[in-house]
Amino acid sequence: MQAVKLSFADILKIEGNVEHYHIPKYQREYVWGKYQWETLINDINENEPDYFIGSVIVVSHSKDLRPGEEKIYQVIDGQQRLTTISILLSAIYYKYNRWSKEIQDDDEDLKNEYTIKLDSIRRKLIKKKKEIYPNELGGFKDGNFYCFLRVQPSTQNNNLSDYKYILKDCGLLTQAEQPKFSGLRRFWKAYDFFWNMLPEKKVWANN
């Protein structure tokens, strides 16, 4: 067992061999609310891109990974912030995905720009592949692919099922049922908060 302290840039990297971060079931449920969401947004908007917004402490139980097997970390500290950033990215993906469909067919450069943006966000949130090992931790079937969540919430208070439904709503999963009363819980409220913080309409500029 090895404890590692990582920056968010390291955690959500999309180059090379990416890792996945599971919040164990013994961790408390997601409890952040509007004050913390607003503070996070203000920190992001008011500071430089490399501003330190917190650390995450994780533990790896993986030693000898099989070829192509996903590396899983257990999150010991920082789960609230890590989860919130994942929900924020889901809301951003939803908006960019919708805006991309409004681009004129003849604007290839803008289409390519949005394709790159969407791909970058997608890879920060989820990984899909055709085949997995029978007992590979974290994998689940979605259509023709097996999926691994880059951040996998705990099952406490329906956190995991609520998050999967958010990923379906933003367009990253094809199969996820809406859990009962999900709109009353904090995951969906956070998603709705960030969704409403983002511009409703993208203004295309020729510059």
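Computed from a predicted model, the values in this text were never measured in an experiment. (Residues numbered from 1 in each chain as written. Predicted model: local features only at pLDDT ≥ 70, side-chain atom pairs only at ≥ 80, totals over all residues. Heavy atoms only, no water.)

**Student:** Teacher, can you tell me more about the overall build of the protein chain here?
**Tutor:** A tally of helices and strands in the protein chain yields six helices and eight strands. The helix and strand sequence of the protein chain, counted from the amino end, reads β-α-β-α-β-β-α-α-β-β-β-β-α-α. Expressed as a percentage of the 207 residues in the protein chain, the buried residues total 43%. Within the protein chain, counting contacts between residues at least 6 apart in sequence, those at least 24 apart form 67% of the total. Put simply, the protein chain shows about 12100 Å² of open surface, and 48% of that area lies on carbon and sulfur atoms. (Helix = DSSP H or I, 4+ residues; strand = E, 2+ residues; numbered from the N terminus. Buried < 20%, exposed > 50% of the residue type's maximum accessible area, 1.4 Å probe, protein only. Contact = heavy atoms within 4.5 Å. Areas by Shrake-Rupley, 256 points an atom, 1.4 Å probe, with all protein chains shown as cover.)

**Student:** Is there a simple way to explain unusual backbone geometry in this structure?
**Tutor:** For residues besides glycine, phi is generally negative; the peptide bonds are generally trans as well. With phi around 50°, N157 is a residue other than glycine that occupies positive phi space. Secondary-structure assignment places N157 in the loop between β8 (151-152) and α5 (159-170). Residue classification places N157 among the partly exposed residues on the basis of a relative accessible area of 36%. Residue N158 is not a glycine yet carries a positive backbone phi of 65°. In this fold, N158 is placed in the loop between β8 and α5. Assessed through its relative accessible area of 36%, N158 is described here as partly exposed.

**Student:** Honestly, the nonpolar core in this entry has me stumped. Any pointers?
**Tutor:** For soluble globular proteins, the rule of thumb is that nonpolar side chains tend to be buried together. I87, L167 and F194 are the most contacted members of the largest nonpolar core, which totals 46 residues. Breaking this core down by element, the ones donating at least two residues are α2 (34-46), β3 (56-60), β4 (71-77), α3 (79-100), α4 (108-125), β7 (145-149), α5 and α6 (186-197). Ranked by residues supplied to this core, first place goes to α3 with nine residues. Leave out the neighbours within four places in its chain, and L167 touches S90, L125, L149, L172 and L173. (Core = buried A, V, L, I, M, F, W, Y, C linked by side-chain atoms within 4.5 Å.)

**Student:** How should the confidence of the model for the protein chain be read in this particular structure?
**Tutor:** A low pLDDT score tells you not to read the predicted coordinates there in detail. Scored by pLDDT, the protein chain comes out at a mean of 87, with 87% of its residues at no less than 70. Looking over the protein chain, one finds the lowest element-wise mean pLDDT in strand β1 (residues 2-6), namely 58, and the highest in α5, namely 97. (pLDDT = per-residue confidence, 0-100.)

**Student:** Hey, could you run me through the pattern of salt bridges in this one?
**Tutor:** Close approach of charged atoms lets side chains of opposite charge pair. Applying the stated rule across the entire model yields ten salt bridges. Across the pair K129 and E70 runs a salt bridge, and its minimum N-O distance is 2.8 Å. Here E70 lies in the loop between β3 and β4 and K129 lies in strand β5 (residues 126-129), a separation of 59 residues in the sequence. Here the two residues K129 and E70 agree in accessibility, since each one is buried. Across the salt bridge formed by R122 and D119, the nearest N and O atoms sit 2.3 Å from each other. Residue R122 and its partner D119 are located together in helix α4, separated by three residues, close to a single helical turn. Under the relative-accessibility criterion, D119 is labelled partly exposed at 27%. (Salt bridge = Lys/Arg side-chain N within 4 Å of Asp/Glu carboxyl O.)

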